[in-house]
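Structure at a glance
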Amino acid sequence: MEAKQGESRTYEGWGGIVGKTVSESRSWWPEVPRPRDGAPNVIVVLLDDMGFSDIGPFGAEVDTPTLDRLARDGLRYTNYHTTPVCSPARAAFLTGLNPHRAGFASVANSDPGFPGYTMEIAEGVPTLATLFRDAGYATFAVGKWHLTRDALMNDAAARRSWPCQQGFDRYYGVLEGLTNLHHPHRLISDNSPVEVDEYPAGYYLTDDITDHAISMIKALRASDPSKPFFCYVAHNAVHGPLQAKPEHIAKYRGRYDGGWDEVREERFRRQLESGLFPAGTEMCDRNSERYFDVGPWEELPADVRALYARYMEVYAAMIESVDENLGRLLGLVEALGELDNTVVVFTSDNGGTAEGGEHGTRSYFKQFIHGLRLPGDWDADVSRDIDLIGGPRALVHYPRGWGMASNTPFRLYKGHTHAGGVRVPFLLSWPAGLSDASRGAVRTEYQYVTDLLPTFLELAGVERPDRWRGQEVAPLDGSSFAGSLGDGPYRSSHVEQYSEFNGNRSFYRDGWKLVTLHGPGTAYDDQEWELYDVRSDPTERIDLAAEHPERVKELAAAWEQAAWDNQVFPMNDFSGYHGVVRRPHENLLEQPVTILAGTPTLERYRSAKLVVLRSFSATVKLSHEPGADGVLLAHGDQGGGYLLYVEEGRLRFAYNEYGDLTEVDAGEILAGEHAIELRADAGEGYRWHFAISADGEERASHPGALMLLGLAPFQGIDVGIDRRSPVSWPVYERHGSFAYGGTVHSVTYVPGEHAPYSPEAVLRATIEAAQAYE
């Protein structure tokens, strides 16, 4: 029988149906997308909170041989700009949209409910990973994500904002903005948490994510010898807490004894010598702005200088570790014979930070509660042996003087729209795409983080569609700077750009920059504006606002129009209720919950909603046998937490107050069935008062301790074991994760009333008063 046009004639054969349509006008198999011939691999390495001068090619004394090689064979961009903080930078990079349009006006740990603050990439916005994958690339991501808001990280939440739903084939890393690099609190592999009780000796996250990136590429090449890949390596380093491997720390011992003033001078000298700035450029003075000022190093007492230098030794060690691991990754690519046709970009999400305050801290989470006006003398530091700095027991951050040095030669820090917050190092290497004449060159033209997506697409020959998933695709805000890779003259593709975070604002246009340093809770006043000609004054030293009032007016109007166009309004400096308001459905996370034995660690934010700024009780039901020691309940880590455990037949309670550990003995526990209750009552001065009961009889009480607030407890609730970073280091040293030898049946948490000073309680009272007034 003769086949009709468009029908198929099939033939028997091993492997199923084989045949062709009569017209041969269509294939039996769906078309598999393939990139253009010769399409390059793309590797993007993004550091966290690293300032402009922190790597060798940009003036640092830190040993970075891999980055030195990239700079020698590639390009250095000295006028590349990013957003003031991390989540907005990551969203802008992956979407090509300005951060507010992408839904990330701030970090993914807030949720005030405005269009610019959705903390989710919109459904109709394809990410760079999605575009690469649709074009036939393999797409991998490792490290920090921080594009998923708090309430969507738990095991019951929708995973639409997780990496594998945003275009990545594979992912391994941490969804949150920070973690313990020695004992990560919650690793994610693809779409699932990694279950681990204890990390092996010598574990370090920077090594681990690099191992996984290498493994992903090896697996790809074992299956397909030519498919190009996009690999996004987003390091948690050098975000606090500052932690590094002992051998790297030892290498820098004593190198920072001269202090931040000396480091700034030496770095700026090297920057001028290497042509990063034109002759005659002057470094800005030491930061003097209120709350951000830095004093002369030489005026510090000797013991304080010794402590502060240790912080910077760890920071430098972290950067060297990143460089070493990038060398391992590129070594694999070179061994595969693909380095010449691999685009490598190395940069930072924002500038160096002032988060450590004036003095730095050995208690990373304690520093975040400095604004509570706690009664009595209060110190953001804890007493810890100086030799613990950089290890798993001390969650430290440097004093802001080192953040100032990090941002040499610029003013201010992360979070600010002045250059110190948004002007960061940028390296690009592509041996096959650069001529000999352009290798090692310095590019001084202004570019912005949104330009990365269109640049990569142009280099790879990938088109961004006008419609995607049935929706019209939002137009890009960035523009390609692929032209800068050539030998000829290049004019910036990005001639104007607004910026805003926390009320700090700026607008750049053709070499002029209008900028503010906004005080939280103050009016958004045009008197805040400063004006700089950054062509002749890149360090923003000479304010020209008084001399050019018409230009100030012009750029202020341009900023306001850009703000309306990009969902910036209403502005939010987090000084009022906007900093604490959350979506109503999060109330479900505050309901009583029973956690069964064997349950994986309850996610951090889900756990925190049960206890933070409120009274609560936790009741452990167990069957105890003689000699059955171990942990009954653990919540937290070395940065703060609480622990119920049995040791040598006695019930004990330990409280880690941001690094200060206290314990109480609740007496002997006999064989049999028991109900052990831990009760925490929220008292005045942001304090908890604890009572421990067994079978209805109070056994012991804790005299009271400062509540765990901010991001503490940073590790979630464990039942019958204390996984990963321990609450009590002495218990960990004796027993490791200390799984209970008897039977824990369950732990039931019952959240109590919010403390009267909690933001939730204050907000509720305000709403009730307003309703009563109506």
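Before reading on, note that the structure itself is shown above.
Now for a look at the structure at hand. Quick caveat: nothing in here was measured; it's all calculated off a predicted structure.

As a further point, take the nonpolar core. As a rule of thumb, nonpolar side chains are buried together in soluble globular proteins. Core analysis: the largest hydrophobic core is formed by 82 residues, its most contacted members being I43, F229, Y256, W260, M318, F346 and W402. Residue contributions to this core peak at 17 residues, all from helix α7 (residues 302–335).

This paragraph deals with the packing of helix α2 (residues 86–95) against helix α10 (residues 452–460). Their axes nearest at 6 Å, the elements α2 and α10 cross at an angle of 30 degrees. When the axis of α2 is compared with that of α10, the two are roughly parallel. Together, F93, L94 and T95 of α2 and L452, L453 and F456 of α10 make up the contact between the two elements. Looking at the contact of α2 with α10, its residues break down into five nonpolar, one polar and no charged.

The description of an aromatic ring pair uses the distance of the two centres, along with the angle that the planes make with each other. Taken as a whole and assessed by the stated rule, the structure comprises 40 aromatic pairs. Aromatic side chains F52 and F277 sit 5.7 Å apart centroid to centroid with 40 degrees between the ring planes, which places their arrangement in the tilted category. Linking F52 in the loop between β3 (41–47) and α1 (65–73) with F277 in the loop between α6 (259–273) and α7, this pair joins segments that are 225 residues apart in sequence. A residue is classified by how much of its surface remains accessible, and F52, at 0% relative accessible area, is buried. Take F277: its relative accessible area is 5%, and that puts it in the buried class. A cation over a ring is seen here: R505 above W529, with NZ or CZ 4.9 Å from the ring centre. R505 extends its terminal NZ or CZ atom over the ring of W559, reaching a point 5.7 Å from the ring centre.

The next point concerns the pairing of strand β18 (residues 504–509). The buried count for β18 comes to five of six residues, which makes it a mostly enclosed element. Of the pairings in the sheet, the one linking strand β17 (residues 496–501) to β18 comprises six bridges and is antiparallel in character. Looking at β18, one finds that S499 is bridged to S506. In this structure, the hairpin formed by β18 and strand β19 (residues 512–515) is closed by a connection of two residues, where D510 is found at a positive phi of approximately 45 degrees.

Cis geometry is found at the peptide bond from A237 to V238, where omega equals 10 degrees. Position of V238 relative to the elements: it lies in the loop between β10 (229–234) and α5 (246–251). A cis amide bond links T408 to the next residue, P409, at an omega of 10 degrees. Position of P409 among the secondary structure elements: in the loop between α8 (400–406) and α9 (419–422). Positioned with a positive phi, D190 is a non-glycine residue whose angle comes to about 60 degrees. If you trace the backbone, D190 turns up in the loop between β8 (188–189) and β9 (192–193). Residue D190 is classed as partly exposed on the basis of its relative accessible area of 22%.

Procedures and definitions
Residues numbered from 1 in each chain as written. Predicted model: local features only at pLDDT ≥ 70, side-chain atom pairs only at ≥ 80, totals over all residues. Heavy atoms only, no water. Core = buried A, V, L, I, M, F, W, Y, C linked by side-chain atoms within 4.5 Å. Buried < 20%, exposed > 50% of the residue type's maximum accessible area, 1.4 Å probe, protein only. Helix = DSSP H or I, 4+ residues; strand = E, 2+ residues; numbered from the N terminus. Axes fitted to C-alpha atoms, helices over the stretch in contact; angles between N-to-C directions. Parallel < 35°, antiparallel > 145°, perpendicular 65-115°, else oblique. Contact = heavy atoms within 4.5 Å. Nonpolar A, V, L, I, M, F, W, Y, C, P; charged D, E, K, R; others polar. Phe/Tyr/Trp six-rings, centres within 6.5 Å; stacked < 30°, edge-to-face > 60°. Lys NZ or Arg CZ within 6 Å of the ring centre and 35° of its normal. Pairing = 2+ DSSP bridges.

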